[in-house]
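Here are the chains, one letter per residue:
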Amino acid sequence: MKNPNMNFNTKFTPLTVDPDKIYDHSFAIIKEEMGDHPFTDEQWMVVRRVIHASADFELGRSMIFTPDALEAGIESILAGRHVVVDVQMIESGSGRKRFQKHNSDLHCYIADEDVAKEAKAEGTTRAIISMQKATRLHEGGIYAIGNAPTALLELIRLIKDGVAKPDLIIGMPVGFVSAAESKDELAVLEGIPFITNKGRKGGSTVTVAALNAISIMADERAKQTN
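Quantities reported herein were computed from a predicted structural model and do not represent experimental measurements.

**Student:** What exactly am I supposed to notice about the packing of helix α2 (residues 41-54) against helix α11 (residues 204-225) here?
**Tutor:** Packed helices, taken two at a time, are described by their axes: the angle between them and the distance between them. Running from amino to carboxyl end, α2 crosses α11 at an angle of 145°, the nearest separation of the two axes being 8 Å. With respect to the hand of their crossing, α2 and α11 are arranged in right-handed fashion. Across from Glu42, Met45, Val46, Arg49, Val50, Ala53 and Ser54 in α2, the residues of α11 making contact are Thr205, Val206, Ala209, Ala210, Ala213, Ile214, Ile216 and Met217. Across the contact of α2 with α11, the residue classes tally to 11 nonpolar, two polar and two charged.

**Student:** Explain the pattern of salt bridges to me, please; I cannot follow it from the model alone.
**Tutor:** Between side chains of opposite charge, a pair can form when the charged atoms approach closely. Counted under the stated rule, the structure contains 14 salt bridges. The residue Arg81 makes a salt bridge to Asp167 at a minimum N-O spacing of 2.7 Å. Of this pair, Arg81 sits in the loop between α4 (69-78) and β2 (83-85) while Asp167 sits in the loop between α9 (149-160) and β5 (168-171), and the two are 86 residues apart along the sequence. Its relative accessible area of 37% is what places Arg81 among the partly exposed residues. Among the ionic pairs, Asp184 bridges to Lys198, the shortest N-O distance being 3.5 Å. In this pair, Asp184 is assigned in helix α10 (residues 179-187) and Lys198 in the loop between β6 (194-197) and α11, connecting sequence segments 14 residues apart. Overall, Asp184 belongs to the partly exposed group, its relative accessible area being 36%. A relative accessible area of 48% places Lys198 in the partly exposed class. The network of salt bridges with shared partners includes Asp56, Glu58 and Lys201.

**Student:** Teacher, can you tell me more about unusual backbone geometry here?
**Tutor:** Most peptide bonds take the trans form, and the phi angle of most residues other than glycine is negative. One non-glycine residue, Asn103, adopts positive backbone phi at about 65°. On the accessibility criterion, Asn103 (62% relative accessible area) is exposed. We note that Ser178 has phi near 75°; this positive angle belongs to a residue other than glycine. By the element assignment, Ser178 lies in the loop between β5 and α10.

**Student:** Is there a simple way to think about the sheet that holds strand β1 (residues 63-65) in this case?
**Tutor:** Strands belonging to one sheet form pairs held by backbone hydrogen bonds; the direction of such a pair is parallel or antiparallel. Strands sit in the order β1-β6-β5-β4-β2-β3 across an open sheet of six strands; the sheet is mixed. Every other strand in the sheet has two partners, leaving β1 and β3 (106-108) as the edge strands with one partner each. Along the sheet, successive strands turn relative to each other by an average axial angle of 15°, direction set aside. Two strands pair when backbone bridges link them, and β1 and β6 are joined in this way by three bridges, in the antiparallel orientation. Looking across to β6, one finds that Phe65 is bridged to Ile195. Where helix α8 (residues 126-137) meets the sheet, its contacts fall on β2 and β4 (142-145), and the angle it forms with β4 comes to roughly 165°. Strands β2, β3, β4, β5 and β6 of the sheet are contacted by α11, whose axis makes an angle of about 150° with β5.

Conventions used here
- Residues numbered from 1 in each chain as written.
- Predicted model: local features only at pLDDT ≥ 70, side-chain atom pairs only at ≥ 80, totals over all residues.
- Heavy atoms only, no water.
- Axes fitted to C-alpha atoms, helices over the stretch in contact; angles between N-to-C directions.
- Helix = DSSP H or I, 4+ residues; strand = E, 2+ residues; numbered from the N terminus.
- Left-handed = near helix turned anticlockwise from the far one by under 90°.
- Contact = heavy atoms within 4.5 Å.
- Nonpolar A, V, L, I, M, F, W, Y, C, P; charged D, E, K, R; others polar.
- Salt bridge = Lys/Arg side-chain N within 4 Å of Asp/Glu carboxyl O.
- Buried < 20%, exposed > 50% of the residue type's maximum accessible area, 1.4 Å probe, protein only.
- Pairing = 2+ DSSP bridges.

Without other data, these values stay purely geometric and don't point to any function.
Encoded structure:
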């Protein structure tokens, strides 16, 4: 019997409507079209999800990892340390339950009333003040920044001033003003594991993809050790 969900009354019929098969087929296409690349098998798990989220091979090829980035992220999640994000879209898009079962969680402070008031009083961005608040409340953890270059630049400043020491930074803000430059600054930061990319491209969607890839790796690690 023909699957009624396959009848879209269009000339084009999708290969499948099975969600798992769609994922598998997408990853197969990405692998074939990407061809040779410099990433390790573990890094590729992140890169392919970023490409899957963006359909952008150029963005995927531009990604940069410190050698210890993935291990640092996995260990941070399994240790129950929290994840700070710059915008609510990342908080909403991430698989929160995967973090919570390891006693971790996601936090976004950019919409907090005290952050808005302080930013207005100081004539600066809420993203900057939200990073200051986050580093007061959380030790270590993962910082995932996909929207606000000023958040990434402020986090780097806090690190250089000895105020913050994240376990991992996922820094892939998108935009035309300071986005590429903020990632260039992250790419030369010493002493902190990070994942970033070069250029203006990035965004909350691909930051979520990278964060989710690492949380899935952490889950798999936990299953192997139990």
